[in-house]
Amino acid sequence: MTAPLTPPHQPPNDDPWQKPQGAGATAAHVDPADGTDTRTEVRQAAVVTVAVALSGVLLGLLWLWLSPRVPLVAGDSAVFLKDTEGEEAIGADGTFVLLALGFGAVSAALVFWFRRRGGVPLVVGLALGGLLASGLAWLVGWGLGPDDVVTQARAVGQGATFDAPLELNARGALLAWPVAAMLVHLALTALFAPRDPEPEWVPFGAPYLPADRQDGPGEGH
């Protein structure tokens, strides 16, 4: 007489759908494609947000350097535009938008090169960093630009010409950086990101067996 292989109080563990102990917790926090857990993704997103936001200082300096100036004339009791048909104010907004679009594209490319698989936290950090960078660039350009109109008019005297403070009249220009970053990152991810393996196709009605339990020809006999 031979002893049973499986004790009566322990049913055989041959359920193909049963997960090993600890597998559920690991899958919930770790990306099986590259082994990155959620905390690491959040830390990477925070680094991206700070790095992109600080690069707004460079955008502000370039905006201050490249933007056209609005010339004003100091009168006896008021300040007037020297050229009433000038488009310098529109040019300042356009310069900011073009620079922000370029910075958004470059930041998205760098972030994609840094982590090709992307992820929701990384994309959110990229967009938030772009928005903060635009606001910081606006403050830098305005703060380092010409003084306010009253101070300059008193300093130059009546009849003299001076430059107006650098202003961003179109507030929607602040969205140029994050929008460009999101679109470029989405395009790069769609074109060059690694693809997840496709699930194995099982014919309808066929019993499912795990890969390690599928017997080849002539095996299992």
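Located above this text is the structure these notes cover.
Everything in this summary refers to the structure shown in the same document. What you see is a predicted model, and the numbers here were worked out from it, not measured in a lab.

Further remarks concern helix α5 (residues 120–144). When the terminal C-alpha atoms of α5 are compared, their 36 Å separation across 25 residues agrees well with the 36 Å that a helix rising 1.5 Å per residue should span. Looking at the packing, one finds that the buried side of α5 touches α2 (38–54), α3 (56–66), α4 (88–114) and α7 (176–192).

To continue, consider the packing of α4 against α5. Between α4 and α5, the shortest axis-to-axis distance is 11 Å and the interhelical angle comes to 150°. One finds that α4 runs roughly antiparallel with respect to α5. For the pair α4 and α5, the crossing hand works out as right-handed. In this structure, α4 uses Phe 96, Ser 107, Ala 108 and Val 111 to contact α5, whose residues at the interface are Leu 122, Leu 126, Ser 134, Ala 137 and Trp 138. Residues of the contact of α4 with α5, tallied by class, amount to seven nonpolar, two polar and no charged.

In this section: the sheet that holds strand β1 (residues 71–74). Read across the sheet, three strands follow the order β2-β1-β3 without closing on themselves; strand pairing throughout is antiparallel. Among the strands making up the open sheet, the edge pair consists of β2 (79–81) and β3 (161–163). For this sheet the average axis-to-axis angle between neighbouring strands, irrespective of direction, equals 40°. As judged from the three bridges shared by β1 and β3, these two strands associate in the antiparallel manner. Paired with Pro 71 across the strands is Asp 163, a residue of β3.

Calculation criteria
- Residues numbered from 1 in each chain as written.
- Predicted model: local features only at pLDDT ≥ 70, side-chain atom pairs only at ≥ 80, totals over all residues.
- Heavy atoms only, no water.
- Helix = DSSP H or I, 4+ residues; strand = E, 2+ residues; numbered from the N terminus.
- Expected span 1.5 Å × (residues − 1).
- Contact = heavy atoms within 4.5 Å.
- Axes fitted to C-alpha atoms, helices over the stretch in contact; angles between N-to-C directions.
- Parallel < 35°, antiparallel > 145°, perpendicular 65-115°, else oblique.
- Left-handed = near helix turned anticlockwise from the far one by under 90°.
- Nonpolar A, V, L, I, M, F, W, Y, C, P; charged D, E, K, R; others polar.
- Pairing = 2+ DSSP bridges.

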